[in-house]
Amino acid sequence: MNRFGIFALFLISILVFQGCSKSDSDEDPSPSFSSLPRALLGEEIEIDGQGFELGKLQIFFDNEESTINYVTDKKIKVRVPRTLERYNPTVRIVDLNTNKNILEETFFLKEPVITGFDKPEISFDEVLVIEGENFDSSENYVEVEVNGERAQVRNASYNQIEIIIPTNISKSELNVMVTAQLQEVGSNAPLKLTEPEILATTDVFWTGSELVISGTNFNPDRNIGKIFVDGKETNISSASKEELRVYTPVGPYQDFVATNVVYEMGGYEVIFEKEYEILNNAIIVDDNPRVNMTFPAVHNGKAYAYFQDEELGFGYSNNLYEFSVESQQWDKIEGTELDGYLNNLTYNENGKMYVYLTDSENHRILVSVELSNFSKEEIFLPFNDNRSGVLDFYFQGSYYMINGTTYDGFSNNLVEQSYQYDELDEIWTELSSGPIWDYFKSYDTDISDVFYYDGIMYYNYSPQSGITNGYRLKPDATVEETSSRFYFGYQDAVINQYFYYGGFGNYFNDEPGIEHYLGSAWEIGNFFVLEENIYFQKGSQTYKLKKEILDAIL
């Protein structure tokens with residue numbers, strides 16, 4: 001073979017070898033990948049690799065299949081599903097030729113970042129702009145909480161979120177948390193609630209009426225925030241950012257003046273100092289929850305009355321309470337407890353109370369209480385029946401117990417038996433004659449609102465069927481009836497009921513009476529006077545009367 005033939009044979013051998021080698025390597029051209037970038041929801045990403053083939057691949061984010069938008073031998077373009085349920089799904093690329101996963105790797109959404117806010121302070125109904133990165137192009141995929149409360153998202157982009165802060169804010173320092181890209185992030189940038197300010201209020205002040213407060217940065221939710229008027233919390237009836245409407249508390253007050261309004265909200269306490277004249281004719285000075293108050297006795301510049309307290313197995317624990325001008329409230333006096341049912345209480349004008357009661361063993365007893373030292377002494381009764389409904393009073397050095405009823409197990413029976421107890425000699429005398437016995441033996445109910453003025457005993461009496469009238473027991477033991485009930489003695493006057501529904505008159509002159517707007521005649525009572533201050537009871541509340549309203553009839 002010549003030299004040319006040998007070269008040709010060598011060249012053919014090389015070509016055959018190369019052809020066989022290339023064929024062997026193309027027998028298993030499996031696709032592979034080289035990158036899986038982070039991205040945002042709804043964003044298109046590129047996955048790099050090689051050996052990709054259109055129509056031969058499937059891509060899943062967890063269980064969500066994503067449509068492949070573009071394929072070349074070395075690149076896949078796919079959009080991240082918005083329906084993902086977590087920020088770190090597993091991405092699977094399935095080779096449909098072999099039905100095997102050629103990729104199974106965790107994919108991470110980009111993490112949102114808060115870089116700051118457009119302002120350091122924010123108030124209600126204002127827009128706050130949260131600045132940062134990797135939020136979302138749609139507000140539907142963004143949530144914001146401020147101090148743990150959901151905020152209203154107005155608009156969103158990848159770099160900004162606009163919100164209205166919630167009203168249920170308990171702290172002025174605001175903590176903002178953003179949930180975007182299925183991840184929650186917080187901010188270290190300072191942000192606080194703008195401090196509210198009270199600028200003015202209405203001038204007219206009636207307890208129980210409306211007070212309008214104007215200012216700035218109030219909470220527009222009337223259920224958030226507190227208002228105190230003269231130290232007493234009241235309800236907010238309506239609210240906006242610039243105005244609050246509240247009802248002034250009915251009491252208690254010390255006098256006919258209020259001095260401030262306080263607004264508490266979001267950790268702020270805003271005080272507005274102003275002196276308000278209380279225009280009501282009476283103010284509540286003590287809102288005592290106890291019931292069944294006895295008629296007050298005035299001794300050494302203080303008032304005393306028994307109140308029904310704790311319920312016992314039989315009856316109640318009844319305690320003596322003291323009221324002074326300084327405290328203007330009823331304070332319990334320890335050691336004065338009387339257990340059972342109080343039937344009657346009478347004051348003798350000289351510091352002694354007579355208390356007729358049914359004790360815890362269902363016996364009737366009479367106890368005297370010395371108001372100078374609150375000592376108690378049981379007084380022997382001249383009868384041994386358990387009579388009730390006794391008419392009792394004190395007059396000219398003697399304590400009287402007139403008639404009463406007893407119960408025989410079937411019916412109540414009238415007891416026509418009356419007694420006079422001489423305080424000095426401590427002797428009981430049965431009454432069967434005389435002006436006191438002649439007059440009071442016919443009474444079928446007890447008398448009420450007893451007070452003494454210029455030697456005359458004033459009281460009110462209402463028969464079992466009839467209206468209440470006022471009466472005067474004079475020093476000569478004669479009785480004078482009037483057409484209206486008596487209330488109290490004051491200065492040189494005796495104040496009585498003037499109008500049927502509600503008014504005051506002066507028994508000693510013919511001046512027209514005045515209306516007092518305090519309630520009907522049967523709603524108010526138990527009047528007493530301390531150091532020219534006039535108090536009375538209405539329900540469980542003790543009121544102080546604006547004494548100037550009496551000027552027209554004095």
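Structure's up top.
As a starting point, this report considers the structure included with it.

Thresholds, definitions, all that
- Think of each chain on its own: its residues are numbered from 1, step by step along the sequence as written.
- In keeping with the predicted nature of the model, local features appear solely for residues at pLDDT of at least 70, side-chain atom pairs appear and are counted solely at 80 or more, and the whole-chain, interface and lining totals rest on all residues.
- By convention in this description, side-chain values take in all heavy atoms of the structure and omit both hydrogens and water.
- Strands here mean DSSP runs of E at least two residues long; helices mean DSSP runs of H or I at least four residues long; both are numbered from the N terminus.
- Polar contacts, as used here, are pairs of N or O atoms within 3.5 Å; protein pairs need one atom able to donate a hydrogen and one able to accept it. Residues neighboring in sequence count only if both atoms are side-chain atoms.
- A contact between two residues is defined here by any heavy atoms of the two lying within 4.5 Å.
- Here a cavity denotes a set of grid points, spaced 1 Å apart and computed over the protein atoms alone, in which a 1.4 Å probe fits but from which it cannot get out, and a pocket denotes an open set meeting protein on both sides within 12 Å along at least five of seven lines; residues with an atom within 4 Å of a point are reported as lining.
- Grid points are joined across faces, edges and corners, and a volume is the space filled by probe spheres set on the points.
- Here, the term nonpolar core denotes a set of buried Ala, Val, Leu, Ile, Met, Phe, Trp, Tyr and Cys residues that are joined through side-chain atoms within 4.5 Å.
- Summary of the burial criterion: residues with accessible area below 20% of their type's maximum are buried, those above 50% are exposed, and those between are partly exposed, where the area comes from a 1.4 Å probe applied to protein chains only.
- Think of it this way: a Phe, Tyr or Trp ring, Trp meaning its six-membered ring, pairs with another when their centres are within 6.5 Å, and the plane angle makes it stacked under 30 degrees, edge-to-face over 60, tilted otherwise.
- Being paired, for any two strands, means DSSP has found at least two bridges between them.
- To obtain an axis, a line is fitted to C-alpha atoms, over the contacting stretch when the element is a helix, and the angle between two such axes runs from 0 to 180 degrees between their N-to-C directions.
- Salt bridge, as used here: a side-chain nitrogen of Lys or Arg that lies within 4 Å of a carboxyl oxygen of Asp or Glu.

1. Some remarks on the side chain of Q308
You can see Q308 is positioned in strand β29 (residues 302-311). Side-chain polar atoms of Q308 contact the side chain of N292, separated by 2.6 Å. Filtering out sequence-adjacent residues up to four positions away, Q308 remains in contact with R290, V291, N292, Y316, S317 and N318.

2. Details of the layout of surface pockets
What the largest pocket holds in volume is close to 900 Å³. If you go around the largest pocket, you meet 34 residues; those closest to its centre are F295, P296, D449, V450 and F451. Contributing elements (two or more residues each) for the lining of the largest pocket: β28 (297-299), β32 (338-347), β36 (391-395), β42 (447-453), β46 (486-490) and β50 (525-530). Top element by residues in the lining of the largest pocket is β42. It accounts for seven residues.

3. Here's the deal with the environment of V127
Mapping V127 onto the fold places it in strand β11 (residues 127-133). When the C-alpha positions of V127 and I161 are compared, they lie 9.8 Å apart, and in sequence the two are 34 residues distant. Not counting the four nearest positions on each side in its chain, V127 is found in contact with D118, K119, I122, R154, E162, I163 and I164.

4. Things to note about the nonpolar core
Among the nonpolar cores identified, the biggest contains 58 residues, and I130, V144, I163 and V178 are the most heavily contacted of them. Once residues lying within four places of it in the same chain are set aside, the contact partners of I130 are I114, G116, F117, F135, V144, N159, Q160, I161, I163, V176 and V178. Judged by nonpolar contacts, the second largest core, of 20 residues, contains F488, I495, F527 and I549.

5. Remarks on the packing of aromatic side chains
Applying the stated criterion across every chain yields a total of 44 aromatic pairs. Seen from their ring centres, F323 and W330 are 5.1 Å apart, and the 50° between their planes marks the pair as tilted. What makes F323 buried here is its relative accessible area of 0%. Among the residues examined, W330 registers a relative accessible area of 4% and is labelled buried. Ring geometry for F488 against F527: centres 5.0 Å apart, planes inclined by 25°, an arrangement best described as stacked. In this pair, F488 is assigned in strand β46 and F527 in strand β50, connecting sequence segments 39 residues apart.

6. Side note on the sheet that holds strand β26 (residues 268-277)
The four strands are arranged β22-β21-β25-β26 in an open sheet whose pairing can be described as antiparallel. Strands with a single pairing partner mark the edges of an open sheet, and in this sheet they are β22 (232-234) and β26. On average, adjacent strands in this sheet sit at an angle of 25° to one another, irrespective of strand direction. Bridging between strand β25 (residues 257-265) and β26 involves eight bridges; their strand directions are antiparallel. Paired with E264 across the two strands is E269, which belongs to β26.

7. Re the side chain of S172
Turning to its location among the elements, S172 is positioned in the loop between β15 (160-164) and β16 (176-180). On the basis of relative accessible area, S172 is assigned to the buried category, the value being 15%.

8. Quick notes on unusual backbone geometry
Look at the link from G251 to P252: it is a cis peptide, with omega at 5°. When you line up the elements, P252 lands in the loop between β24 (243-247) and β25. Even without being a glycine, L182 presents a positive backbone phi close to 60°. Relative to the elements of secondary structure, L182 occurs in the loop between β16 and β17 (183-186). Even without glycine at this site, Y517 takes up a positive phi of about 55°.

9. Quick notes on the pairing of strand β34 (residues 364-370)
On a regular strand, one side chain projects to one face of the sheet and the next to the other, so that they alternate. Buried residues dominate β34, accounting for six of its seven residues. Across seven bridges, the pairing between strand β33 (residues 352-358) and β34 is antiparallel. For L357, the partnering residue across the bridge sits in β34 and is I365. Between β33 and β34, which follow one another and run antiparallel, lie five residues, and N362 among them has a positive phi close to 65°. Bridge count between β34 and strand β35 (residues 376-379): four bridges; the pairing is antiparallel. Counted as the bridge partner of L366 is I379 from β35. The turn joining β34 and β35, which pair antiparallel and follow one another in sequence, is formed by five residues; a positive phi near 65° is taken by F374.

10. Considerations on the environment of G231
Looking at the secondary structure, you find G231 in the loop between β21 (226-229) and β22. Residue G231 is classed as exposed on the basis of its relative accessible area of 59%.

11. Observations concerning the environment of Q396
Mapped onto the elements, Q396 comes out in the loop between β36 and β37 (398-402). A distance of 2.7 Å separates a polar atom in the side chain of Q396 from the backbone oxygen of P475.

12. Some remarks on the pattern of salt bridges
Going through the model one piece at a time under the given rule, you end up with 19 salt bridges. Note that K77 and E46 form a salt bridge whose closest N and O atoms lie 3.7 Å from each other. Here K77 is found in strand β6 (residues 75-79), whereas its partner E46 is found in strand β2 (residues 44-50), with 31 residues between them in sequence. Assessed through its relative accessible area of 24%, K77 is described here as partly exposed. Residues E370 and K352 are paired through a salt bridge, measuring 3.6 Å at the closest nitrogen-oxygen approach. In this pair, E370 is assigned in strand β34 and K352 in strand β33, connecting sequence segments 18 residues apart.

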